[in-house]
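Listed below are the residues making up each chain.
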Amino acid sequence: MTVHFIGAGPGAPDLITVRGLRLIEACPVCLYAGSLVPAEIVKAAPEGARVRDTAPMTLDEIIAEMQAAHEAGKDVARVHSGDPSLYGAIAEQMRRLDALAIPYDVTPGVPAFAAAAAALQKELTVPEICQTVILTRTAMKSSKMPEGEELSTLGRSGATLAIHLSVRNIPHIQRELLPLPAYGENCPAVIAYRVGWPDETFIHGTLGDIHKKARAAKLTRTALIFVGRALGAEDFIDSKLYDAGHVHVLRPKRKTLAS
């Protein structure tokens, strides 16, 4: 028996991995985050499977379901949205399973930031503009941010920021980033709402006006905020990857023919 932590992807049912879908199809128990996992994915569970939405459940109740499945010798598909390694709350579940000697594994999923970049047709790392992406959040009702991970600190890098769980905290984001030279009023910003779902929406703006636009759209949850110069980059150099003058092991220097 194994508990399979599965990343279902950001919302589109066809963005789950083949491995993840096959595990769901095979497991007689399916525990899923109901508010964020598409119903079509959960319907892939086998006929007669025990399927439970964990949104209203406590950690103790979720672990009790896994323990009961373990005692019955039944594999569990524990389905999370996006990729479970990012804000998936799987660490606390795995800690409990370790204490109970219940085996588990993890199947990655497409994270929301990657799906959003694809939908926006943007590369988040543009040559000589930005080569770093930082995934972070801000503190509201959830656990506090560790010391040294304030936006004002992270923002000194000038990286492309993918800020999770913070659409109601944009004024704080502005206070932290606007004074930094890498950002400022005119720095491109995008809010990606419900990426991969039928009501997917993107709000384009700048760091200076994105709060006003978010309020006008009445967005209060399930959104990711991008901030960074790469989002608006147009005049940049080509990478060296395909440069004719760039020699590497798979493209050695070509011999010139003698005239």
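The following refers to the structure shown. Quantities reported herein were computed from a predicted structural model and do not represent experimental measurements.

### Topic: the overall build of the chain
Part 1 of the argument: When its secondary structure is counted, the chain shows eight helices and 10 strands.
Part 2 of the argument: Counting only C-alpha atoms and orienting by the principal axes, one finds that the chain spans roughly 75 × 60 × 35 Å.
Part 3 of the argument: Buried positions account for 44% of the 259 residues belonging to the chain.
Part 4 of the argument: Long-range contacts, defined as pairs at least 24 residues apart, comprise 68% of the intrachain contacts of the chain with a sequence gap of at least 6.
Part 5 of the argument: Approximately 14600 Å² of the chain is accessible, and the part contributed by carbon and sulfur atoms is 52%.

### A closer look at the sheet that holds strand β4 (residues 76-80)
Part 1 of the argument: Strand order in the open sheet formed by five strands is β3-β2-β4-β1-β5, with parallel pairing between adjacent strands. The outermost strands of the open sheet, each flanked by one partner alone, are β3 (50-53) and β5 (104-107). Neighbour-to-neighbour, the strand axes of the sheet open up by a mean angle of 15 degrees, direction not taken into account.
Part 2 of the argument: As paired strands, strand β1 (residues 3-7) and β4 are joined by five bridges and run parallel to one another. What sits directly across from Gly7, in β4, is His80.
Part 3 of the argument: Sheet strands touched by helix α3 (residues 59-72): β1, β2 (29-32), β3 and β4. Its angle to β2, the strand with the most contacts, is close to 165 degrees.

### Some remarks on the sheet that holds strand β9 (residues 201-206)
Part 1 of the argument: If you trace the five strands from one edge of the open sheet to the other, you get β6-β7-β10-β8-β9, paired in mixed fashion. What marks the edges here is a single partner per strand, and that holds for β6 (133-137) and β9. With strand direction ignored, the average angle separating the axes of adjacent strands in the sheet is 20 degrees.
Part 2 of the argument: Strands in contact with helix α5 (residues 112-120) are β6, β7 (160-164), β8 (188-193), β9 and β10 (223-227); relative to β10, the strand with the most contacts, it is inclined by about 65 degrees.
Part 3 of the argument: Helix α7 (residues 170-177) contacts β7, β8 and β10 of the sheet and is inclined by roughly 15 degrees relative to β10.

### Re the packing of α3 against helix α4 (residues 90-100)
Part 1 of the argument: Interhelical geometry of α3 versus α4 gives an angle of 45 degrees and a closest axis separation of 11 Å. Considering their axes alone, α3 and α4 lie oblique with respect to each other. As α3 runs across α4, the sense of the crossing is right-handed. For the pair formed by α3 and α4, the contact residues are Leu59, Asp60, Ile62, Ile63, Met66 and Gln67 on the first element and Glu92, Gln93, Arg96, Leu97 and Leu100 on the second.

### Here we look at the pattern of salt bridges
Part 1 of the argument: For the structure on display, the rule yields five salt bridges.
Part 2 of the argument: For the salt bridge of Glu65 with Arg52, the shortest nitrogen-to-oxygen distance reads 2.7 Å. Here Glu65, found in helix α3, pairs with Arg52, found in strand β3; they are 13 residues apart in sequence, far enough to count as distant.
Part 3 of the argument: The partner of Lys213 in a salt bridge is Asp209, and the shortest N-O contact between them spans 3.9 Å.
Part 4 of the argument: Lys213 gets classed as partly exposed once you look at its relative accessible area, which sits at 32%.
Part 5 of the argument: Sharing partners across several salt bridges, the network here consists of Arg50, Arg52 and Glu65.

Cut-offs and rules
Residues numbered from 1 in each chain as written. Predicted model: local features only at pLDDT ≥ 70, side-chain atom pairs only at ≥ 80, totals over all residues. Heavy atoms only, no water. Helix = DSSP H or I, 4+ residues; strand = E, 2+ residues; numbered from the N terminus. Buried < 20%, exposed > 50% of the residue type's maximum accessible area, 1.4 Å probe, protein only. Contact = heavy atoms within 4.5 Å. Areas by Shrake-Rupley, 256 points an atom, 1.4 Å probe, with all protein chains shown as cover. Pairing = 2+ DSSP bridges. Axes fitted to C-alpha atoms, helices over the stretch in contact; angles between N-to-C directions. Parallel < 35°, antiparallel > 145°, perpendicular 65-115°, else oblique. Left-handed = near helix turned anticlockwise from the far one by under 90°. Salt bridge = Lys/Arg side-chain N within 4 Å of Asp/Glu carboxyl O.

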